[in-house]
Amino acid sequence: MPLNKSTGMPSASIPEVARATVLAGLQAADPALRRSAAQTLAGQPEAVPVILDALERESSLAVRTALLDSLAATPGDEAVQALAGCLRSEDAWLRNAAIDLLRGMPEQVAPVIAHMLIDPETDIRILAVGILDTLRHARVEDWLLQLIDAETDVNVCGAALEVLTTIGTSAAIGQVTTLMRRFADEPYITFAGRLLLNRLGRSA
Amino acid sequence: MNVSAEAPTSNISAEDFERFREYFYRRSGIHFESTKRYFVDKRLIDRIQAAGCADFREYFSLLRFETSGREWQRLVNEMTVNETYFMREHYQFDCMVQSMLPELVARKPRGEPMRIWIMPSSSGEEAYTVAMYLLERWPELARWDVEIVSSDIDTRILAQAEAGLYSPRAVHQLPAAWLQKYFTREGENWRINRSLREVVAFTRVNLNERAEVAAYRNYDLVFCRNLLIYFDDTSRRRAAEAFYDVLRPGGFICLGHSESMSRISSLFAIRKFAQAIVYQKPLEQA
């Protein structure tokens, strides 16, 4: 019968490669080799600059994904800062991939998120709110409330309010009410604010 | 999944539950929602008692520091859900023999085996269904060698799969002719014949352990059905990446009907066949 019991699973293993080999691997013509080299960099803080450099020039989606995963699997501030830095990229795929990864790293993101929420660039603040959307961290509501207290851009406030409509608690009532007054002429803020207050059993 | 209505005999505090949930997630990739608290507590208490520990704290220390990994494996066996049946979502097997395999063999070098991975294996129903489908509905089997590997994190269920004894419920969707041909009746149950048991390799693997999955490469077809629904976003993405590396370029992966690779990873292409929607690793690496 040509149905053959497999004689053994291991047909390949993660190669034990030296740094020089990894660097050479990242420049190989075959994307499978570059992806394999990218995966070996996971968990090595000293490899963060190498990963960022490779991300700059890499065109293969599979390799770029492996590079980002390696970054996310690396302990230390430098790696999470590097991922946060990807939010400034012109490349929408890179921004979205970085956001997805940061959402799954609540403890590592916590020390940097406050800075991202006061970044001079409006887009970065909006993307930071996007990270908070599904971040499993006890301080998410606090961060959003601090943001809407001080934020002057209506789009950033709108993004924060949208997240609060889902996760906001009674602790948000005062600040959301103030926000609605500050932006009384903005229909979306009024709408989302009412939605939240109604959910919390308060009328606007 | 069957969850008993019987109350646990002692309490797992909310703090203990959170600690355990985080620990179990980190080691297995399986995340329990808070709605599964009762399910988790009951099994945890069973294991605390079976291991002879006085309380959660003592048991948690045992889990974390034991060198053999035996208690961890027993716990995993308790916490994983194993419920399936022969011919489940059979349209994907129709797709396998009518669409995917013809496409795969069209570019496969003669002499290279066709490799199929079922992950998770559960009690073996899917792996044996694949084998029967190939024997009954894929005439090309005469010309190709096929290897079927069926893997799971749960060693107890793998032993059950190798034994191949099934309840009437598990076989209720099988064609009567297949039941007669490939099974032997044992009381109320049905045992799959040795000839079929011998063509499936059952192996243990933790999909969340990259080093373990690295041993699985060059597969043409993967069935991973109704597993990712138990994972959180991060683990799903990690699993999708693992499957990407497991597959040959052009290889296919079938997920459960409620699961969508498009929401997990952009590494795969959607393939809409007449029988089913499946996902494909691009022939040329993206």
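Here the structure is shown first, and the text comes after it.
Conventions and cut-offs
Residues numbered from 1 in each chain as written. Chains lettered and ligands numbered in written order. Predicted model: local features only at pLDDT ≥ 70, side-chain atom pairs only at ≥ 80, totals over all residues. Heavy atoms only, no water. Axes fitted to C-alpha atoms, helices over the stretch in contact; angles between N-to-C directions. Helix = DSSP H or I, 4+ residues; strand = E, 2+ residues; numbered from the N terminus. Parallel < 35°, antiparallel > 145°, perpendicular 65-115°, else oblique. Left-handed = near helix turned anticlockwise from the far one by under 90°. Contact = heavy atoms within 4.5 Å. Pairing = 2+ DSSP bridges. Buried area = accessible area lost by both parts, 1.4 Å probe. Salt bridge = Lys/Arg side-chain N within 4 Å of Asp/Glu carboxyl O. Core = buried A, V, L, I, M, F, W, Y, C linked by side-chain atoms within 4.5 Å. Buried < 20%, exposed > 50% of the residue type's maximum accessible area, 1.4 Å probe, protein only.

A. Region of interest: the packing of helix 1 (residues 19-26) of chain A against helix 3 (residues 48-57) of chain A. Residue and element names in this part refer to chain A. Here helix 1 crosses helix 3 at 15 degrees, and the two axes come no closer than 11 Å. One finds that helix 1 runs roughly parallel with respect to helix 3. In terms of crossing hand, the pair formed by helix 1 and helix 3 is right-handed. On helix 3, the residues touching Arg19, Leu23 and Leu26 of helix 1 are Val50, Ala54 and Arg57.

B. Expanded view of the sheet that holds strand 5 (residues 189-192) of chain B. All names here are of chain B. In spatial order, the strands read 3-5-4; together these three strands make up an open sheet with antiparallel pairing. Each having just a single partner strand, strand 3 (165-166) and strand 4 (183-186) make up the two edges of the open sheet. Where strand 3 and strand 5 come together, two bridges link them in antiparallel fashion. Bridge pairing in strand 5 links Leu165 to Arg191.

C. Highlighting the interface of chain B and chain A. Taken together, the contact between chain B and chain A spans 37 residues of the former and 29 residues of the latter. Carbon and sulfur atoms make up 53% of the area that chain B and chain A hide from each other, which totals about 2,800 Å². Inspection of the region where chain B meets chain A yields three salt bridges. Salt-bridge contacts for B:Glu241 lead to A:Arg35; the nearest nitrogen and oxygen are separated by 3.0 Å. Within the residue set of the side of chain B that touches chain A, elements represented by two or more residues are helix 6 (125-137), strand 2 (146-152), helix 10 (194-197), strand 6 (200-204), helix 11 (210-213) and helix 12 (233-246) of chain B. Here the side of chain B that touches chain A gets five residues from one element, more than from any other, and that element is helix 12 of chain B.

D. Molecular detail of the nonpolar core. By size, the foremost hydrophobic cluster in this structure holds 67 residues, and its most contacted members are A:Leu26, A:Leu68, A:Leu83, A:Leu87, A:Ile113 and A:Ile131. Per-element tally for this core: the top contributor is helix 10 (residues 154-167) of chain A, with seven residues. Beyond its immediate stretch of four places on either side in the chain, A:Ile113 contacts A:Ala128, A:Ile131, A:Leu132 and A:Trp143. One finds A:Ala62, B:Phe60, B:Tyr219 and B:Val222 within the second-largest nonpolar core, a separate group that totals 53 residues.

E. Focus on unusual backbone geometry. Residues and elements named next belong to chain B. That bond from Met119 to Pro120 is cis: its omega, 10 degrees, falls within 30 degrees of zero. Structurally, the position occupied by Pro120 is in the loop between strand 1 (114-118) and helix 6. Of note, the phi angle at Glu89 is positive, near 45 degrees, even though the residue is not glycine. Looking at where Glu89 falls in the secondary structure, it is placed in the loop between helix 4 (70-79) and helix 5 (91-107). For Glu89, a relative accessible area of 12% corresponds to the buried category.

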